[in-house]
Amino acid sequence: MRVVYVIGTRPNFVKMAPVIAAMRARHPDGDHVIVHTGQHYDRAMSEIFFEELGVPTPDHMLEVGSGSHAVQTARTMERLEPVLIDERPDLLVVPGDVNSTLAAVLVASKLQLPVAHVESGLRSFDLTMPEEVNRIVADRFSEYLFMHSEEAGTNLRAEGIPAARMHMVGNTMIDTLVALRDRIEAADSPTRLGVEAGDYALVTLHRPALVDGPLLGETVAQLAALSRQMPVVFPVHPRTRKMMEAAGGGVEAPDLRLSEPLGYLDFLSLVAGARAVLTDSGGIQEETTYLGVPCFTLRANTERPVTVDLGTNTLLGLDPGAIASIPEALDGSPDQPPQPPPLWDGHAAERIAEVLVPAYADAGERRAVTSR
Ligand code: UD1
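What counts, and at which threshold
Residues numbered from 1 in each chain as written. Predicted model: local features only at pLDDT ≥ 70, side-chain atom pairs only at ≥ 80, totals over all residues. Heavy atoms only, no water. Pairing = 2+ DSSP bridges. Helix = DSSP H or I, 4+ residues; strand = E, 2+ residues; numbered from the N terminus. Axes fitted to C-alpha atoms, helices over the stretch in contact; angles between N-to-C directions. Core = buried A, V, L, I, M, F, W, Y, C linked by side-chain atoms within 4.5 Å. Buried < 20%, exposed > 50% of the residue type's maximum accessible area, 1.4 Å probe, protein only. Contact = heavy atoms within 4.5 Å. Near = heavy atom within 4 Å. Polar contact = N/O pair within 3.5 Å; in protein donor to acceptor, adjacent residues only side chain to side chain. Areas by Shrake-Rupley, 256 points an atom, 1.4 Å probe, with all protein chains shown as cover. 1 Å grid on protein atoms, 1.4 Å probe; cavity = no way out; pocket = protein on both sides within 12 Å on 5 of 7 lines; lining within 4 Å. Sits in = over half its atoms within 2 Å of the grid points. Nonpolar A, V, L, I, M, F, W, Y, C, P; charged D, E, K, R; others polar.

Q: Would you explain the sheet that holds strand β13 (residues 313-315) in this entry?
A: Two pairing modes exist for strands in a sheet, parallel and antiparallel, and in both the strands are linked by backbone hydrogen bonds. Read from one edge of the open sheet, six strands run β10-β9-β8-β11-β12-β13, paired in parallel fashion. Edge positions in the sheet fall to β10 (256-259) and β13, since each of these pairs with one other strand and no more. Across the sheet, the axes of successive neighbouring strands diverge by a mean angle of 20 degrees, strand direction being ignored. Pairing of strand β12 (residues 295-297) with β13 involves three bridges; the strand directions are parallel. Looking across to β13, one finds that cysteine 295 is bridged to asparagine 313.

Q: Any chance you could explain the nonpolar core here in plain terms?
A: For soluble globular proteins, nonpolar side chains are generally found buried alongside one another. If you look at the biggest cluster of nonpolar residues, it comprises 56 residues, and the most contacted ones within it are Met23, Leu53, Leu91, Val93, Leu202, Tyr264 and Leu356. No other element matches the eight residues that helix α1 (residues 10-26) contributes to this core. Those residues within four positions of methionine 23 in sequence are excluded, and the remaining contacts are Met1, Val3, Tyr5, His32, Ala353, Leu356 and Val357. Core analysis: the next-biggest nonpolar cluster, separate from the first, contains 27 residues, Leu215, Val220, Ala276 and Leu316 among them.

Q: Explain the site of the ligand to me, please; I cannot follow it from the model alone.
A: Near the ligand there are 18 residues, and of these His40, Asp42, Asn99, Glu131 and Arg239 occur at the shortest range. Measuring from an oxygen atom of the ligand, one finds a backbone N or O atom of asparagine 99 at 2.8 Å. Contact distances for the ligand include 2.7 Å between an oxygen atom and a side-chain N or O atom of arginine 239. In isolation the ligand exposes 740 Å². Once the protein is present, 90% of that is buried. Here the ligand is seated within the largest pocket. Elements represented by at least two residues in the shell around the ligand include exactly α3 (69-87) and α12 (238-247). No other element matches α12, which puts three residues into the shell around the ligand. Looking at the shell around the ligand residue by residue, the class counts come to five nonpolar, eight polar and five charged.

Q: Sorry, what's going on with the pairing of strand β2 (residues 31-36) here?
A: The two faces of the sheet receive side chains in turn, since in a regular strand these alternate between them. Counting buried residues in β2 gives five out of six residues, a clear majority hidden from the surface. Bridge analysis of strand β1 (residues 2-7) against β2 gives six bridges, and the strand direction is parallel. Bridging from a neighbouring strand, isoleucine 7 pairs with histidine 36 of β2. Of the pairings in the sheet, the one linking β2 to strand β3 (residues 60-61) comprises two bridges and is parallel in character. Opposite valine 35, over in β3, you have histidine 60 as the bridge partner.

Function-wise, these values are silent; they only describe arrangement.
Structural data, given as structure tokens:
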């Protein structure tokens, strides 16, 4: 069995580390080939995740880097096609909804290679989000759809996708969290950053709808105001940093602490200790739900409604002014965090391997017979 895993961005590494490990454990004799597209390339956005999560060194580095959506996707397609022609895998496994995922699914489909999509069925119903387009295409052209919540199944059924392709397996991002829980606790990042556990707000923002326009300045002003009530720790994504620099003007707020992007262990240690998290990320809405930390999402919608239904996540809208409501909302938040959704239990990747390995374990023999 030869499997190619295509990964390219920070959240991809977190979602796929346990999948690659579980596939290798279940089928050690198989060829497990890792392709890193290079969509994320800074050490803090890439290498550190490979080290901390124990992802093996990629077999192929495509080094596509940054660019417009068309450039990034096209460059990935051009560089991935010869790799797949050369490797002739039995199966491709791709995670999430980033441009690397879109490109990989398109190339594989044209080469008639089956694709397994991890984190399938999420929908924001907002086609202005680049990720929404990527998700729809990935699900439409994948053979195996691995879902982490009930609404994913509802969404896929509404699109007419046959039930035989859907597999409810749970959340592989939570697998990583569960596997590294002790090391996350040992990291004790709040203390190292000089903030007290349970006392600070943690912020991440990177979506174009928020940071690529005038809302960014308003958001930073609101964060400065919030920091007068509780320390605000803000590791800044490179896209956001670039936009903040382009807008000029720093902020005068000693308790608004900006930093470079953090590695996985440091960041999750900060999430676990936060009084509140403010974000526009998808994965962080899930990690806070698992950890029972109040999350405020600065977006008009979410493709992860289960996090809102459980009460850990509050949608603030795409409205920086709503940041001012956070302290009061925290006063009213329940003491007991809810149970995480079913199958967010640290074993999702094993369930994926249980489906894929029996289906492809003798693929090498079949290939040999066909070519004879
Ligand atoms: C991408 C994904 C988004 C995901 C996010 C996680 C798409 C369409 N978007 O957004 O879904 O939530 O990753 O972080 O695929 N940059 C660097 N160094 C890096 C990577 C990026 O400086 O290592 C800068 C570049 O200026 C680049 C910008 O960040 O132009 C944006 O990077 P890009 O990969 O295009 O999108 P993200 O905003 O990271």
